[in-house]
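# Commentary on secondary and tertiary structure
This is what each chain is made of:
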Amino acid sequence: MSADMSSGIKRRDFLKVVGVGGVGAGLTGCSTESAEKLLPYVVPPEDITPGVATWYTSTCNGCSAGCGMWVRTREGRVVKVEGNPNHPVSEGALCQRGHASLQALYAPDRYTGPMQRVNGELQPISWDEAEALLAERIQGAAGNVLFIGGAMGPTMADLVDQFLSSVGGSRVEWEGLNEAPLREATRIAFGRDVVPHYEFEGAEFILSFGADFIETWVSPVQYQRGFARAAGVDDEGRKGEFVYVGPRLNLTGQNADEWVPIPAGGEAAVALGMASVIAGRIGNAGPYAEILQAYSPEAAAEATGLEAATIRELADRFQNAPSVAMGPGVAGQHRNATAANLAIHILNSVAGNVGSRVRLVENAQSAPSRPYGEVEAAIRSMASGGVGVVMVHGTNPAYGLPPASGFNDAFAGVPFKVSFATEPDETAAMADLILPDRHFLEAWGDASPRPGVYSLQQPAMESVPHFDSKQTGDVLLSVATRAGSPVGPATTYDHLRNRWQSLHQSVGVAQDFEAWWRGALKSGVVEVPVPATEEPVTLRQPDAALIFDTPAFDGDGEFVLMVYPSSRFGDGKQANSAWMQELPDPVSKIAWHGWIEIHPAAAERLGVDKGDVVTVTSPHGAVELPVFTYPGVREDTVAVQMGMGRQNSGRYANGNGVNAMTLLPAEAEQPSGGLVHLATRVSVVPTGDVYRLATIEGSDSQSGRGIAPAAYIGSLGHSEDAGYEGEGEGEGGYEEKPLEEMQMLGGFGAVEVEGKAADWPLPGTERGDYADPETPRWAMAIDLDKCTGCSACIVACQSENNVAFVGEDQVRMGRDLGWIRLERYYETVDASHAGTLDVRHLPMLCQHCNNAPCEPVCPVVAAYHTPDGLNGQVYNRCVGTRYCANNCPYKVRVYNWYSYADVPEPLNWQYNPDVTIRNTGIMEKCSFCVQRIREVQNKAVVEGRAIADGEVVPACQQSCPAEAIVFGNIKDSTSRVAELAENERTYRVLDKLINTQPAVHYLKKVTFHEVEDAAH
Amino acid sequence: MGVTRKIGIAAVVVTVLAGGSLAFVQDGQDANAAAQAAAPAGSSTGDNYGNDAGIQPIAFPHAIHAGTNRIDCAYCHYSAERSVSAGIPPVSTCMGCHAAGKVQVQSEQGQQQIEMVQEYWNDGETIPWVRIHKVADHVKFPHMRHINAGLDCTQCHGPVQEMGVLQQPDPAWGDGKMGWCISCHVEQDVSRDCTVCHY
Amino acid sequence: MATLTEAQKRGALAHPDVDLHEEVNRDILKMLSAPGKGWWFLFSLAVLGVGLMFGSWGWQIYRGIGVSGLTSPVGWGAYITTFVFWVGIAHSGTLISAILFLFRAPWRQSIYRMAEAMTVFGVMTAGLFPLIHVGRVWHAYWLIPYPNARYLWPNFRSPLVWDVFAVTTYFTVSSVFFYLGMVPDMAAARDKATGFRRKLYRVIALGWRGTDRQWHHFGKAYLFLAALATPLVLSVHSVVSWDFAMSIVPGWHATVFAPYFVAGAIFSGVAMVITLAVPIRKVFGLEAYLTTKHFDAMAKLVMLTSMIVFYAYLTEFFMAWYSGEPPEKQMFWNRLFGHYWWATWIMLICNGMIPLMLWFKRVRHSIPALFAITIFINIGMWFERFVIIVTSLSHEFAPFAWGVYRPSLTEMGIVIGSFGWFSFWFLLFIRLLPPVAIAELKEVIPPRMRRTSGGHDGHDAVPATAPAGD
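These remarks concern the structure in this document.

### Description of the overall build of chain C
From N to C terminus, chain C includes 17 helices and zero strands. Among the 470 residues that make up chain C, the fraction classed as buried is 60%. Excluding contacts between residues fewer than 6 apart, the proportion of contacts in chain C whose partners are at least 24 apart in sequence is 81%. Total accessible area on chain C is roughly 18,700 Å²; 73% of this is exposed by carbon and sulfur atoms.

### Overview of the pattern of salt bridges
Where charged atoms of side chains with opposite charge meet at close range, the side chains can pair. All told, the structure shown has 60 salt bridges over all chains when counted by the stated rule. The partner of A:Arg317 in a salt bridge is A:Glu313, and the shortest N-O contact between them spans 3.0 Å. Placement of the pair is A:Arg317 and A:Glu313 together in helix H12 (residues 308–320), with a separation of four residues, close to one helical turn. The partner of C:Lys300 in a salt bridge is C:Asp296, with the nearest N and O atoms 3.1 Å apart.

### Some points on helix H13 (residues 341–353) of chain C
All names here are of chain C. Over its 13 residues, H13 extends 17 Å from the first C-alpha to the last, a length consistent with the 18 Å expected when each residue adds 1.5 Å. Of all the positions in H13, only Ala343, Thr344, Met347, Leu348, Cys350, Asn351 and Gly352 are classed as buried. Taken together, the buried residues of H13 touch helix H10 (257–284), helix H11 (292–323), helix H12 (326–337) and helix H15 (367–394).

### Thoughts on the side chain of A:Lys786
Residues and elements named next belong to chain A. Topologically, Lys786 is positioned in the loop between strand E31 (778–783) and helix H23 (792–800). Put simply, Lys786 is tucked away with no salt bridge, and the nearest opposite charge, on Asp783, sits 4.0 Å away. Setting aside residues no more than four positions away along its own chain, Lys786 makes contact with Ala228, Gly232, Ala962, Glu963 and Ala964.

### Quick look at the interface of chain C and chain B
With four residues of chain C at the interface, the matching set in chain B holds five residues. Approximately 370 Å² of surface area, both sides summed, lies buried where chain C meets chain B, with 79% of it carried by carbon and sulfur atoms. When the area that chain C buries against chain B is broken down by residue, the three leading residues are C:Ala149, C:Arg150 and C:Tyr151, summing to 89%. Across the contact surface, chain C and chain B share zero residue pairs in polar contact (both at pLDDT 80 or more). Residue classes in the side of chain C that touches chain B are distributed as three nonpolar, no polar and one charged.

### Structural notes on the packing of aromatic side chains
All names here are of chain A. What the rule picks out here adds up to 85 aromatic pairs over all chains. Each ring, one from Trp500 and one from Trp517, has its centre 6.1 Å from the other, and the planes form 75 degrees; the classification is edge-to-face. With a gap of 17 residues between them, Trp500 in helix H18 (residues 492–507) and Trp517 in helix H19 (residues 513–523) connect regions that are remote in the sequence. Considered together, Trp500 and Trp517 belong to a single accessibility category, that of buried residues.

### Focus on the interface of chain C and chain A
The partner chain A presents 58 residues to the 52 residues of chain C that form the contact. Buried surface at the junction of chain C and chain A, summed over both partners, amounts to about 4,500 Å²; 57% is from carbon and sulfur atoms. The largest share of the area that chain C buries against chain A comes from C:Arg136, C:Ile248 and C:Phe400, three residues that together contribute 20% of it. Counting across the chain C and chain A interface gives one salt bridge. In this structure, the salt-bridge partner of A:Lys891 is C:Glu396, at a minimum N-O distance of 2.8 Å. Elements that contribute at least two residues to the side of chain C that touches chain A include exactly helix H7 (159–192), helix H9 (212–245) and H12 of chain C. Residue classes in the side of chain C that touches chain A are distributed as 30 nonpolar, 15 polar and seven charged.

### Description of the sheet that holds strand E33 (residues 835–836) of chain A
Residue and element names in this part refer to chain A. Strands sit in the order E14-E11-E12-E13-E33 across an open sheet of five strands; the sheet is mixed. Looking at the sheet topology across the chains shown, the edges are occupied by strand E14 (323–326) and E33. Across the sheet, H12 lies against strand E11 (205–208), strand E12 (241–245), strand E13 (258–260) and E14, angled at about 130 degrees from E11, the strand it touches most.

### A word on the packing of helix H9 (residues 267–282) of chain A against H12(A)
Residues and elements named next belong to chain A. Two elements in contact, H9 and H12, have axes whose closest approach is 9 Å; the angle formed by their N-to-C orientations is 60 degrees. As judged from the angle between their axes, H9 and H12 are oblique. Two packed elements cross with a definite hand, and for H9 against H12 that hand is right-handed. On the side of H9, the interface is formed by Val270, Gly273, Met274, Val277, Ile278, Arg281 and Ile282, while H12 contributes Ile311, Arg312, Leu314, Ala315, Asp316, Phe318 and Gln319. Along the lines of polarity and charge, the residues of the contact of H9 with H12 split into nine nonpolar, two polar and three charged.

### Quick look at the sheet that holds strand E4 (residues 68–74) of chain A
Residue and element names in this part refer to chain A. Strands sit in the order E3-E4-E5 across an open sheet of three strands; the sheet is antiparallel. The strands lining the two open edges of the sheet, one partner per strand, are strand E3 (54–59) and strand E5 (77–83). Looking at each pair of strands side by side, their axes are set apart by 30 degrees on average, direction ignored. Where E4 and E5 come together, six bridges link them in antiparallel fashion. Its bridge partner lying in E5, Arg72 is registered against Lys80.

### Considering unusual backbone geometry
A:Pro671 follows A:Gln670 through a cis peptide bond whose omega is 5 degrees. Looking at the element boundaries, A:Pro671 is found in the loop between strand E27 (637–641) and strand E28 (681–690). Note the cis peptide between C:Ser72 and C:Pro73, where omega equals 5 degrees. Turning to its location among the elements, C:Pro73 is positioned in the loop between helix H3 (37–63) and helix H4 (78–89). A positive phi is found at A:Glu75, a non-glycine position, where the angle reads about 45 degrees. Relative to the elements of secondary structure, A:Glu75 occurs in the loop between E4 and E5. The exposure class assigned to A:Glu75 is buried, which follows from its relative accessible area of 12%. Phi at A:Ser791 takes a positive value of approximately 80 degrees, unusual for a residue other than glycine. Looking at where A:Ser791 falls in the secondary structure, it is placed in the loop between E31 and H23.

### Concerning the side chain of A:Lys589
Within the fold, A:Lys589 resides in the loop between helix H20 (578–582) and strand E23 (590–591). We note that A:Lys589 is buried and unpaired, the nearest opposite charge coming from A:Asp585 at a distance of 7.7 Å. Leaving out residues up to four positions away in the same chain, A:Lys589 has contacts with A:Pro584, A:Ala694, A:Thr695, A:Ile696, A:Glu697, A:Leu822, A:Arg824 and C:Phe400.

### Observations concerning the nonpolar core
Counting 364 residues, the largest nonpolar core has A:Leu207, A:Leu347, A:Phe928, A:Tyr1002 and C:Phe426 as its most contacted members. Residue contacts for C:Phe426: discarding those within four places in its chain leaves C:Met114, C:Ala117, C:Met118, C:Phe121, C:Leu276 and C:Ile280. Counting residues in hydrophobic clusters, the runner-up holds 44 residues, among them A:Tyr372, A:Val414, A:Val616 and A:Leu675.

The rules we used
Residues numbered from 1 in each chain as written. Chains lettered and ligands numbered in written order. Predicted model: local features only at pLDDT ≥ 70, side-chain atom pairs only at ≥ 80, totals over all residues. Heavy atoms only, no water. Helix = DSSP H or I, 4+ residues; strand = E, 2+ residues; numbered from the N terminus. Buried < 20%, exposed > 50% of the residue type's maximum accessible area, 1.4 Å probe, protein only. Contact = heavy atoms within 4.5 Å. Areas by Shrake-Rupley, 256 points an atom, 1.4 Å probe, with all protein chains shown as cover. Salt bridge = Lys/Arg side-chain N within 4 Å of Asp/Glu carboxyl O. Expected span 1.5 Å × (residues − 1). Lys, Arg positive; Asp, Glu negative; His and termini not counted. Buried area = accessible area lost by both parts, 1.4 Å probe. Polar contact = N/O pair within 3.5 Å; in protein donor to acceptor, adjacent residues only side chain to side chain. Nonpolar A, V, L, I, M, F, W, Y, C, P; charged D, E, K, R; others polar. Phe/Tyr/Trp six-rings, centres within 6.5 Å; stacked < 30°, edge-to-face > 60°. Pairing = 2+ DSSP bridges. Axes fitted to C-alpha atoms, helices over the stretch in contact; angles between N-to-C directions. Parallel < 35°, antiparallel > 145°, perpendicular 65-115°, else oblique. Left-handed = near helix turned anticlockwise from the far one by under 90°. Core = buried A, V, L, I, M, F, W, Y, C linked by side-chain atoms within 4.5 Å.

Structure representation (structure tokens):
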């Protein structure tokens, strides 16, 4: 491995091949171009076979969760990232932001090399000069060096600290999304300085006080999987309940069964109110007994405007089931956030969840989340001229901190500013020297997401030749040497190996290091047993003054402002990815631009509607945003997403939306020192302008069509006619109809529909079978009770299938190309009082109908049915009449109105060479990842064996953190998909109405309330 | 590639070719035309460098390697049996035989060509071969399936072992177009489903 | 053909003010004289239109179909609307010349030539739109079945392929019919013309001499072609309607479509004939040939078809309600009160309400009123197709995927340009070919020379075009 990493020539040379010919396969060049060059290796790396993908393990650094990655490379170029199945954190799944890291690797706006700012202009400079310059400045700074870094792996952190100690300086860390209050509360309550690990599996009652554990909270992939396992109905019809407490429904909240819409900052009161009820029965509130006296349910009810009965009832359910509660998260970080988190710890503790479902030792997050307080101090010392050289790495405080913090002025005042940014950002825009770091897919590193879990990050390819980047670790080491204070070995790689050597010794495995090391690189992760410590389940005496009341809010505006993390951009880190920009937000379904969420009633009061631009004014700033009317936010609250409004980022992020942080005060929460996000009131005034938002949402109501029906949990197990007969009146929305009538309603020709889906007659077999008589019949099952609407599948699909992005104006016209459309229908969303919540999420992709309306209408047979049950789309045969799209009842066919695939270099390097690139005038749609099917078939045939169930895994299933998607051969009665197709919850969208016989089988969402009329 | 090498090639070309065929060489435009024109000579003697120089950076007579010396195709095109793509031999493969003084080549033109290979190897450069066989970008041709089905390489690539200059077999053999693929798939009674090759 | 006496009666009815064959020749052929300013003005407008159309189309091919306003879910819009519109216009021609001929309608002679020309040019215009609307026009020939080594054929189950056959057939037959009917007149023109035109007409006239044998064969051929063309009037627009009816889109998937579209086609076609006949009559002073009787008859036809079409509208709404299927019901509700309500109401008023005025004889006999009404009908019929296509597609089965469509400038350029393209040919036609059927007019005008005593027959006057049949 390391051998052929160091001798870079091979990989890079092979990249030339890609550069010339192989970048994707277009529909343009159909003739033989004799000009094309074939560039072979000089010496072939043993791990690369042309035309066969090579996989490397790595660790995602999209956020501090540290998910394991599998990186798919073709001919030495990274084409896709997936979750690493061996990894204890992500278990094979990956979130949308993780997928998007691929676009950061090939971002056309990345710095092309080291640069120096000469009178305002950035001038290219050689690495040698740059390092010499930096070394000189550091010597000049006489120990006053400040290093502002983001969350980084142990090796890197250690390396930086060594560097700073030798040249004299200090390090502060700034992560936009950190859980300082939770961490502090944990320390206060249990004396452990960690972010607890929450065990969803086995929980039957989940209570979130606003934590968005599906989007960004702590470790979203891991927690979403855990949540889906807990809240998804099992074969015995058991299903965990999920109650959401908070002023605004984030995506996590939309997946709740009940919503308790308390006013902002009321979590502590509710949690303590519940705790007091439980403690009153089994009381072990320890040192907090008298506090609980003060917070009777009545008191809590008064503070939050709830019924005391509601709180008591919640308490009962929380006590009587294996339960877990979690804190408000970043969006709920108000001035008493630590107290709120502590209150929730108390609740968990009195209910006896600590140690079982709230883990403080095993699996606890050790990723350091340093508080904003430190940054404040750093800013002060910068302002006071106490800093000679400031270096910024892996974070972007100039954008991420509220302007009130005065960072920009202080930073600008520092004599010499260095940025290690890979691509342009607001902080780098002020720097004197830019030393572009490598993207993490090109660099060495490691991570330790929890005690005992060590995850490796290795270069999956030579650095993209367009960009002359250098790993920051290496830069620091060489600078240290030049500055006359060398630090250990010369490269980050050696440091890494040294650290792991010591780890190897500490683990004490029999293997010699090299073997162990290669094994670690192969699996990407090493797990070592943590020293067994007793879980401290009892509460400690608080050592800090805490106020549990609703916090104060600045200003006297009509609304409380919630600033919440983006599930697409995090705190803005992934904002310059076209994929993330174009991915419709899971809640608002808006792409590219920003918006402000206002309750419809409030909007009516203001006389505004969706798209009307309003001025939002807080005591700290004012912004203009278009309105998105959202029933999932309280009438007295408005919400704005973080991560937008970039000014000095790349071409895809700049100018979309506004930076919500400009509305916030720069204030550290006490005692944790975390930055407050929920701190101010705002006034909202219409400007009279209208902004046409780019949304994919046509209607949020099913209009009585039973697109996404649900099943009452009480009705499970009682229906005799399970499976394909599952939905009758009141469920599927349409009563059974005699065959003829169904055909009158749109079937093409008399198609037998009795019997199992697997036995339906298969159109298209006249085009000949595959070699073996046992031709498979591909089908998919999607469990809507598990699906959370997180949208990871959409990006995975986009990455796998070369689905192009089209830009805001095209999305606005309705021309987005997503092969999967995550439909979101409201059933019951009521912010006026606590009660039932019902939001339906349904991933709509090509249903691969066995009686497909699109097939007979295509004049040139570009849309046809394959012998193995796919609804084929032959791009090169398509003439572009769009008749198939008109006739598709699911509207899953998307059309290339322009040649969207022509993207700036080197974004095109990401294209998957196994999938044809579509240019203008061609219809496309979900292909069930036919290239993966063929790959496995080819392999199986050559190896002379049958294809095993679960061997073919489409990109969406692969990345789904909720394990909601299952793909396989439905003719094989033992396959999982065949089993699920016969599940009593199974239905097929619109099948009863127009007899399309889809190959995609949905399993109804299960509700705890009766579903009455046909709309459900 | 360097100017010196260009001159070298030109020199070889001049020495080998009688004035008539010079015309072909100098216009690198229509490589195949040049190749076809020169083919008979090549296939007869199996030794034909000059014409190849019109197309390829180095004259590689398949006729000698695959024909005279009976080297198996898969020896160089190493991934044909296990991958969709057959693979272009790395320079190291050439050096396996042609490292200084290993294999004796009778003709002195040949010696010159081999020296060029060694030059590439010493510079750690790759040889920019020109692609002759290419299907359209939206066509997927899995080599391993066809090799596995017992097809002989020449069934698609023509009598390579007789070609001094590698070239598309003349249309009478097969034009590499879809109709040609289909006719064989029909004869062999194997799948004619569109998404076997197009996706 | 009719016997002379009937013809005389009818002719006397139809053209009271014409009594000499010479007059006919003079009046009609004078239309072929050098054009005046007005014509040149209109013609240059038409040329501009043609430029606009092909300019925009070129731009669309260069940039990609995206320059149109089309989008998902509305994949068909102004292009297909205009295609159906022109196919509809193309209907009256064959109807008037063939069907009315078979039914011996007394008033067709003086208008059918114009109607036929309209048909031919209408199809020529319509035929362009399927090409314009596809994304990869350079591959459009794949819709034509031709043997190939790839074992590939068009999909004969697809209504679009039926369309190709239907429209091309209709174009072939109607142009042959148009040409055949014109042969004797071309002979007349030939004998009057000089220089280049004489050469041109000589070729076109195919050496017509007006001998009895020629008249005999001509009559037979014309009769057969008429009989052959008649079913096409029904078939073409039925097939066009199946483009929609064969799909499952709510608002398209209806059995009423074929008759509904045919009626609509005749409706719009006849209206267009009136729209065109009025100015021509005025400019060339053909009052004697295009009498109010003709307009009255056509107005009655318009009135009838208008009522059929309106009835079809009502049936659609009733069936939607009666089906009880949410998608159907909501689609039609949306048609009336949704995003495109205005288009629907334009359609209902222009095609259903305004033609009701034709109940009054005074209106039917007022040329300006007819002109105005038929203009409204043309607009209304364009919007009918727009409503059927766009409102249906914008609100289909999946509510989350509902969307709207706004035509783009390029699109509108092509649509408007198509009128220029049509007028371009029509203006050429009225200058180069006799727009009124001379020979057939003469059939229905009692020939003088028969009443003059003595051996001297009238051959010197118009030798080539003595009426046949006796």
